Amino acid sequence: PWHEVRVYQVYNAGQSRFGAFAGEDEAALRELIAVNVTAPLLLARAALPHLMARSGGCIVNVGSVLGAIGFPHFAAYSASKFALRGFSEALRRELADTGVKVLYVAPRTTATAMNGPAVRALMRKTGQSMDPPEKVARAIADALATGREEVTIGFAERVFARLNGLLPRIVDGPLVRQGRVAARHLRGLRPAK
């Protein structure tokens, strides 16, 4: 009915870092954690009293498939999305009796400014899919409409994430190989001295 208002708090901001972890800048790492982890926790904490007073609503955290699969040359980004996924899972369980829901959405690589030319070139080189932002938005809307609690976009990514959770050593081989491709790709991007 028209008087029924659904309240959502959607956290879809993020930063990504593509490169060798050993060369990461400390300030940039702190900023990535602040944006990808600290900010959604603080925003959820600020929204919860309002959502709980209504006995309903949903907190939506947009993470990444890299929050279930640690990907080489995206170590800090993967770590931040693992944290966001863990937070979403824990908060969902904590709020089970309140009427407030928590949805975690894990897109694969999305064609946004966050994934610049170097990442896009790597995706083409490795044959990985890159989705338009509209596909992610549709997945969020569908999950909210159906009451799902977690969504991973992409069939192969869902299978790979589950396999990584159960038997991570099996996933190591393909990811190490992709990591080698990424390392060569990064070397090719460096300006000649």
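Data block above holds the structure.
This write-up is about the structure you can find in this document. (Residues numbered from 1 in each chain as written. Predicted model: local features only at pLDDT ≥ 70, side-chain atom pairs only at ≥ 80, totals over all residues. Heavy atoms only, no water.)

A short note on the overall build of the protein
What the protein contains, in helices and strands, is six helices and four strands. In the protein, the order of α-helices and β-strands from amino to carboxyl end is β-α-β-α-β-α-α-β-α-α. For 193 residues, the compact-globule estimate of 2.2 N^0.38 gives 16 Å, and the protein sits close to it at 18 Å. Dimensions of the protein, computed from the C-alpha atoms along their principal axes, are close to 65 × 35 × 30 Å. For the protein, with 193 residues in total, the buried portion stands at 40%. When contacts within the protein are restricted to residue pairs at least 6 apart in sequence, long-range pairs at least 24 apart make up 66% of them. A total accessible area of about 11100 Å² is found for the protein, and carbon and sulfur atoms account for 58% of it. (Helix = DSSP H or I, 4+ residues; strand = E, 2+ residues; numbered from the N terminus. Rg over C-alpha atoms; globule rule 2.2 N^0.38 Å. Buried < 20%, exposed > 50% of the residue type's maximum accessible area, 1.4 Å probe, protein only. Contact = heavy atoms within 4.5 Å. Areas by Shrake-Rupley, 256 points an atom, 1.4 Å probe, with all protein chains shown as cover.)

Examining helix H2 (residues 75-94)
For H2, which comprises 20 residues, the first-to-last C-alpha distance of 28 Å matches the rise-based estimate of 28 Å (1.5 Å per residue) to within 8%. Every buried residue belonging to H2 is among Ala 76, Tyr 77, Ser 78, Ser 80, Lys 81, Leu 84, Phe 87, Ser 88, Leu 91 and Arg 92, and all of these are buried. Among the structural elements, helix H1 (26-54), strand S2 (58-62), strand S3 (101-106) and strand S4 (150-152) are those in contact with the buried residues of H2. (Expected span 1.5 Å × (residues − 1).)

Looking at H1
Between its terminal C-alpha atoms H1 stretches 41 Å, which fits the 42 Å expected from 29 residues at 1.5 Å a residue. Along H1, the sharpest change in direction is near 40 degrees and occurs at Ala 34. The set of residues buried in H1 consists of Ala 28, Leu 29, Leu 32, Asn 36, Val 37, Pro 40, Ala 44, Ala 47, Leu 48 and Leu 51. Ser 55 lies just past H1 and shows a positive phi near 55 degrees. (Bend = angle between axes of the 7 residues up to and from the residue.)

What about the packing of aromatic side chains?
We describe a pair of aromatic rings using the distance from one ring centre to the other and the angle between the two ring planes. With the rule as written, the count across this model stands at two aromatic pairs. Geometrically, the ring pair formed by Phe 18 and Phe 74 is stacked, given 4.9 Å between the ring centres and 20 degrees between the ring planes. In this pair, Phe 18 sits in the loop between strand S1 (8-11) and H1 while Phe 74 sits in the loop between S2 and H2, placing the two residues 56 residues apart along the sequence. On the numbers, 6.0 Å between centres and 65 degrees between planes, the contact of Phe 71 with Phe 74 is edge-to-face. (Phe/Tyr/Trp six-rings, centres within 6.5 Å; stacked < 30°, edge-to-face > 60°.)

Digging into the side chain of Ser 64
In this fold, Ser 64 is placed in the loop between S2 and H2. Using a relative accessible area of 6% as the deciding quantity, one classes Ser 64 as buried. Ignoring anything within four residues of it in the chain, the contact list for Ser 64 reads Tyr 77, Lys 81, Tyr 104, Val 105, Ala 106 and Pro 107.

Here's the deal with unusual backbone geometry
Phi at Ser 55 takes a positive value of approximately 55 degrees, unusual for a residue other than glycine. Within the fold, Ser 55 resides in the loop between H1 and S2. The phi dihedral of His 73 falls on the positive side, at around 75 degrees, and the residue is not glycine. Within the secondary structure, His 73 is located in the loop between S2 and H2.

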